[in-house]
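Each chain is listed here by its residues.
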Amino acid sequence: MRVTVKDLTVRYGATEVIPGLDLVAEAGEVLAVIGPNGSGKSSLIKAIAGVMPHGGSIAFDGTPMRPSRIGYMPQDIAGRTALTVLETVLLGRLGRLGLRVGAADLDAVEAVLHDLGLMALASRYLGELSGGQRQLVFLAQALASEPALLLLDEPISALDIRHQLAVMEIVLGATRERGLTTLVVLHDLNVAARFADAIAVMQRGCLVCHGSPAATIEPAMVASVFAVQAAMSMAPDGKPIMTPLRAL
Amino acid sequence: MSVDLMRFPRPASLPPSPAERLAAPVPRTASRDVRGRQGEIAQLYAAMAWRRAAVLLFGAACAVLGLVLDVATGPALLSVSDVAASVLGLAQDRTVDAIVWSIRLPTALVALVVGAALGLSGAIMQTILNNPLASSYTLGVSAGAGFGAALVIVLGVMLPVPEAYAIPLMAFLFACLACAGVYGIGSSRDSSPQMLLLAGIALLFLFQALLALLQFVASPEALQQIVFWLFGSLQKASWSKLWIISAVLVLCLPVLVADAWRLTALKLGDERARGLGVDVRRLRLRSFALISALTGVAVAFVGTIGFVGLVAPHIARMLVGEDQRSFLPASALYGALLLSAASIASKTVLPGAIVPIGIVTSLVGVPFFIWLIMRNRRAFW
């Protein structure tokens with residue numbers, strides 16, 4: 001599914017956080033959205049997810065109809081709740097749940113829990129989990145909806161490095177296998193460079209560049225957008241590595 | 001500088017990483033053969049469902065036991081066999097019949113349905129406000145009802161209804177008004193749980209002040225009547241009131257059944273619920289309508305009985321969690337059970353007398369509640 005954002009505006013009260021933004025995300029690709037704090041990344045994701053009022057148009061495969069299956073994972077995730085992991089992930093399939101839960105729903109949940117290594121936590125309450133475990137649960141919830149469009153707002157911010165890699169591999173794998181369109185907000189530019197097909201760089205609510213990792217993650221962009229002096233090198237597998245040197 | 005990755009092989013003891021599982025999918029369908037043997041999650045889900053059903057059945061059984069004991073006790077000190085005979089229609093004595101059928105049975109049944117209504121409304125409130133302190137008592141709905149009752153008692157403001165219903169009707173209307181006020185003020189800006197809570201607390205103080213004002217100008221007789229009404233009492237229970245409260249409960253059921261999953265989603269926060277396709281504003285409005293009907297009708301007939309609406313959802317949450325499909329019925333059942341127990345206690349504490357049930361609920365309920373929250377190690381709500 002191709003997502004076309006045209007002239008998007010988002011405002012919080014009197015402040016306009018996105019003054020007019022155009023962006024296209026292609027089916028089967030992972031688009032990483034990066035940018036400094038307060039640059040409007042989350043607002044963009046929320047507007048596409050339909051949880052935030054906005055101006056301009058957002059089209060899905062050319063139609064304004066929002067697909068029923070959006071896997072949205074917000075940045076702020078609930079914690080103090082007496083819901084089990086199983087119930088939380090089931091909620092991802094909200095539109096299809098009856099009072100009695102069907103075998104198809106339970107199977108879908110089992111598949112996702114399995115992939116994310118959460119089977120052992122299935123009967124635990126959310127409130128008993130660590131922040132990183134909760135993050136995995138909400139990713140599982142987003143995937144359990146069998147989405148056509150995956151919107152992940154900082155999905156790996158609380159994870160250890162091994163889970164960061166694992167989650168990004170799962171996201172990339174699901175995107176390829178099921179032909180999803182995936183938008184993921186990331187803070188770690190190296191993770192973005194390693195896993196994204198395309199990178200959208202935001203600054204003060206505007207898209208400053210959009211292109212391949214090699215074309216976007218380079219010292220001049222890092223200096224102008226993040227105000228950080230950086231050096232580029234190369235990983236053994238040929239992926240670019242950005243090393244931040246000092247704040248400008 | 002190159003890093004030799006082979007110098008740090010992954011310890012064999014680590015379970016396979018999620019990514020490895022994805023690369024070589026562990027046969028997730030292996031545990032599900034053609035004859036439909038259930039997968040691990042389906043089994044877990046079935047076990048959870050059974051446990052919850054057992055909790056509900058246990059609550060229901062206790063409520064029935066409470067009903068029996070409630071009918072068997074009272075200031076008339078009838079023998080249990082006389083009461084049983086009367087209930088079964090075998091009594092020889094007409095006075096026993098009169099006491100059992102026109103006082104004890106309706107009172108005991110009203111205790112159950114009022115408890116259920118208060119427990120249920122407290123549970124809905126705690127869910128839609130995402131706050132374990134919310135109840136009709138703490139949000140000014142009961143105070144509104146008390147003010148409505150006092151209007152009739154002190155100023156004689158009456159709607160054209162039979163006299164027995166003048167106070168309940170006004171109390172009901174003011175409970176609804178308080179609810180509408182909480183919703184109206186709370187949702188004027190962003191309809192967040194915090195705004196709604198603040199609006200509720202503001203209205204609590206407003207109605208308390210208005211009630212105090214009426215008490216200030218009231219005659220000594222009217223003042224006594226207000227105070228007694230505020231204690232809460234089951235002594236005005238009757239069959240017709242029982243049917244009215246039951247009807248409201250039954251009418252609320254289909255709405256709650258339809259909204260159960262949406263309410264559960266609301267526990268994850270407004271934004272998450274919206275992302276899952278829930279119209280949060282409408283869900284809150286619908287739920288507020290239910291709350292005002294349930295609380296209004298319960299409080300109108302028996303006065304302000306605090307606490308049940310606060311405690312019953314806490315008990316339910318500890319027993320079954322917050323999946324609203326079992327949380328709501330458990331709150332109703334354990335609310336009914338609590339009020340039934342309080343009703344029994346109110347008749348047995350002082351032999352031959354009946355202590356107002358509102359006093360008993362709080363006196364017995366507070367220590368119980370404190371014990372409950374102290375022993376709960378899962379202190380995350």
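Residues numbered from 1 in each chain as written. Chains lettered and ligands numbered in written order. Predicted model: local features only at pLDDT ≥ 70, side-chain atom pairs only at ≥ 80, totals over all residues.

1. A closer look at the interface of chain B and chain A
How we decide: Note that contacts rest on C-beta atoms placed from the backbone: two residues are in contact if these are within 7 Å. Helix numbering and strand numbering both begin at the N terminus, where a helix is a DSSP run of H or I of at least 4 residues and a strand a DSSP run of E of at least 2. Three classes are used, and their members are as follows: Ala, Val, Leu, Ile, Met, Phe, Trp, Tyr, Cys and Pro are nonpolar, Asp, Glu, Lys and Arg are charged, and the others, Gly among them, are polar.
Taken together, the 37 residues of chain B in the interface contact 42 residues of chain A. Only helix 1 (18–23), helix 2 (40–72), helix 9 (239–266) and helix 10 (270–275) of chain B provide two or more residues apiece to the side of chain B that touches chain A. For the side of chain B that touches chain A, the leading source of residues is helix 2 of chain B, giving 6 residues. When its residues are assigned to classes, the side of chain B that touches chain A shows 17 nonpolar, 8 polar and 12 charged.

2. Quick notes on the domain arrangement of chain A
Note the threshold: Domain borders in the structure are assigned automatically or taken from a domain database.
Splitting chain A by domain gives domain 1 (1–67 + 148–212) and domain 2 (78–145). Contacts between the two partners involve 10 residues from domain 1 of chain A and, on the opposite side, 8 residues from domain 2 of chain A.

3. Observations concerning the nonpolar core
For soluble globular proteins, nonpolar side chains are generally found buried alongside one another. Under the convention used in this document: We call a set of buried Ala, Val, Leu, Ile, Met, Phe, Trp, Tyr and Cys residues a nonpolar core when their C-beta atoms link them within 7 Å. Counting other C-beta atoms within 10 Å of each residue's C-beta, where C-beta atoms are placed from the backbone, gives the exposure class: buried for 20 or more, exposed for 12 or fewer, partly exposed between.
By size, the foremost hydrophobic cluster in this structure holds 200 residues, and its most contacted members are Ala140(A) and Ala175(B). Of the domains in this structure, domain 1 (1–67 + 148–212) and domain 2 (78–145) of chain A are the two that each give at least three residues to this core. Not counting the four nearest positions on each side in its chain, Ala140(A) is found in contact with Val89(A), Val112(A), Leu113(A), Leu116(A) and Leu118(A).

4. A closer look at the packing of helix 5 (residues 141–155) of chain B against helix 8 (residues 220–231) of chain B
Residue and element names in this part refer to chain B. Put simply, the rule is: Angles shown run from 0 to 180 degrees and are taken between the N-to-C directions of axes, each axis being a line fitted to C-alpha atoms and, for helices, limited to the stretch in contact. Should an angle fall under 35 degrees it is called roughly parallel, over 145 degrees roughly antiparallel, and 65 to 115 degrees roughly perpendicular, with every other angle called oblique. Handedness of a crossing follows from how the near helix is turned relative to the far one, being left-handed for an anticlockwise turn of less than a right angle and right-handed for a clockwise one.
It is at 10 Å that the axes of helix 5 and helix 8 come closest, and there the two elements cross at 155 degrees. Here helix 5 is positioned roughly antiparallel relative to helix 8, judged by the angle of their axes. Crossing of helix 5 against helix 8: the hand is right-handed. Between helix 5 and helix 8, the contacting residues are Gly146, Ala149, Ala150, Ile153 and Val154 on the first element and Ala222, Gln225, Ile226, Trp229 and Leu230 on the second. In the contact of helix 5 with helix 8, the residues fall into 8 nonpolar, 2 polar and no charged.

5. Some remarks on the packing of helix 5 of chain B against helix 6 (residues 163–186) of chain B
Residues and elements named next belong to chain B. Relative orientation of the contacting elements helix 5 and helix 6 amounts to 145 degrees, with a least axis distance of 7 Å. Considering only the axes of helix 5 and helix 6, their crossing is right-handed. Packed against helix 5, whose contacting residues are Val141, Gly144, Ala145, Phe147, Gly148, Ala149, Leu151, Val152 and Ile153, the element helix 6 presents Ala166, Ile167, Met170, Ala171, Leu173, Phe174, Ala175, Leu177, Ala178 and Cys179 at the interface. Here the contact of helix 5 with helix 6 is composed, by residue class, of 17 nonpolar, 2 polar and no charged.

6. Let's talk about the sheet that holds strand 3 (residues 30–34) of chain A
Residue and element names in this part refer to chain A. As a reminder of what qualifies: Strands are labelled as partners when DSSP assigns at least two bridges between them.
Taken in spatial order, the 6 strands make up an open sheet running 5-6-7-3-8-9, and their pairing is mixed. If you trace the sheet from one side to the other, it starts and ends with strand 5 (70–73) and strand 9 (206–211), each paired once. For this sheet, the mean angle separating the axes of adjacent strands, direction not counted, is 15 degrees. Against the sheet, helix 4 (residues 131–144) touches strand 5 and strand 6 (149–153), its axis set at about 170 degrees to strand 5.

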